[in-house]
Each structure stands twice: as structure tokens, then as C-alpha cells.
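Here is how the chains run, residue by residue.
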Amino acid sequence: MKEITSVEQFNELINSDQPVIVKFYAGWCPDCTRMNMFIDPIIEEYSQYNWHEINRDEFPELAEKYQVMGIPSLLIYKNGEKLAHLHSANAKSPEDVIGFLQAQ
């Protein structure tokens, strides 16, 4: 997953006509670390998405704007619109993430 390092980069990515998944995370978050252990095969399988991640603590205004209350959270964007949001409580296992992606 590629790291988002600015608000401008975030806005450019989510306004793309290609679907983008943004993972909101934090360095201190154990569930984020756990997700990193299982996410790579899922990224390969769902390569129709452009996958990125952003540190919620570095961009709290974006987390607030898009209602990211818990981490990790996966949000899908296309053409500037948030299409789907997998909240942290439902993102604890590969099965949770795959089920979310299959529903899209």
C-alpha cells in the first residue's frame, strides 16, 4: 500500500475515476498491525482498486471529515465520492475485509 503524505495527494486520489481504497491507520494501533499481516494477498486479489493508506493521527481533519471514528478503517472512493466504509470493528480478519470487498 502506498502512503498518502498530503491532503492534496489524498484529494487527487479520491477524485480519480478509478476506484481507490484508503486505509486509515495509526502507528500505535495493534489492529492496524494485525491487518498489515493479512492484507497483501487481498490487495493482489482485488487489484482493480488502487490501494493507499494514510496515518489518521497526521491528518485528523480528513478522518473527521469522512467519519473515521475507529482504525483501521477502509474507505472506497471514486470521483470524489465515498462509496463504502469498513469500520474498524468489522475489519479484524481477512474474512471481514474480503466480505466487505465482495459486497461492493
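The preceding data block contains the structure.
Let me sum up the structure you'll find in this document. The model shown is predicted, which means the values in this text are computed figures rather than measured ones.

### Topic: the overall build of the protein chain
Helices and strands together make up the secondary structure of the protein chain, namely 4 helices and 5 strands. Relative to the 2.2 N^0.38 estimate, which gives 13 Å for 104 residues, the radius of gyration of the protein chain is 12 Å and therefore close to what a compact globule would have. The burial tally for the protein chain puts 47% of its 104 residues in the buried class. In the protein chain, of all internal contacts separated by at least 6 residues, the share reaching a separation of at least 24 is 68%. A total of about 5,500 Å² of accessible surface is found on the protein chain, and carbon and sulfur atoms cover 48% of it. Between the averaged position of the 8 positive side-chain charges in the protein chain and that of its 16 negative side-chain charges there is a distance of 4 Å.

### A look at the nonpolar core
Ranked by internal contacts, the top residues of the largest apolar core, which has 20 residues, are Phe10, Val22, Phe24, Ile54 and Tyr77. Of all the secondary structure elements, the ones that give two or more residues to this core are α1 (7–14), β2 (20–25), α3 (60–65) and β4 (73–78). For this core, the leading source of residues is β2, giving 4 residues. Apart from residues no more than four positions distant in its own chain, Tyr77 is found in contact with Phe10, Ile14, Gln18, Pro19, Val20, Val22, Phe24, Tyr66, Lys82 and Leu83. With 17 residues, the next largest nonpolar core counts Ile42, Tyr46, Ile76 and Ala84 among its residues.

### Description of the sheet that holds strand β5 (residues 81–86)
Strands sit in the order β1-β3-β2-β4-β5 across an open sheet of 5 strands; the sheet is mixed. The outermost strands of the open sheet, each flanked by one partner alone, are β1 (2–3) and β5. With 5 bridges connecting them, β4 and β5 associate as antiparallel partners. Across the sheet, residue Lys78 finds its bridge partner in β5, namely Glu81.

### Looking at α1
The periodicity of an α-helix, 3.6 residues per turn, causes residues three or four positions apart to be oriented the same way. Within α1, burial applies to Phe10, Leu13 and Ile14. Down the axis of α1, the buried side of the element spans an arc of 90°, and every buried residue falls inside it. Relative to its buried face, α1 has exposed residues pointing more than 90 degrees away, namely Glu8 and Glu12. Next to the buried residues of α1 lie β2, β3 (50–55), α3, β4 and β5.

### Some words on the pattern of salt bridges
Summed over all chains, the structure comprises 4 salt bridges. For Arg56, the salt bridge is made with Asp57, and the minimal N-O distance between the two is 3.0 Å. Residue Arg56 is classed as partly exposed on the basis of its relative accessible area of 26%. Through salt bridges with shared partners, one network takes in Asp31, Arg34 and Lys92.

So, how was this worked out
Residues numbered from 1 in each chain as written. Predicted model: local features only at pLDDT ≥ 70, side-chain atom pairs only at ≥ 80, totals over all residues. Heavy atoms only, no water. Helix = DSSP H or I, 4+ residues; strand = E, 2+ residues; numbered from the N terminus. Rg over C-alpha atoms; globule rule 2.2 N^0.38 Å. Buried < 20%, exposed > 50% of the residue type's maximum accessible area, 1.4 Å probe, protein only. Contact = heavy atoms within 4.5 Å. Areas by Shrake-Rupley, 256 points an atom, 1.4 Å probe, with all protein chains shown as cover. Lys, Arg positive; Asp, Glu negative; His and termini not counted. Charge placed at Lys NZ, Arg CZ, Asp CG, Glu CD. Core = buried A, V, L, I, M, F, W, Y, C linked by side-chain atoms within 4.5 Å. Pairing = 2+ DSSP bridges. Arc of directions from axis to C-beta. Salt bridge = Lys/Arg side-chain N within 4 Å of Asp/Glu carboxyl O.

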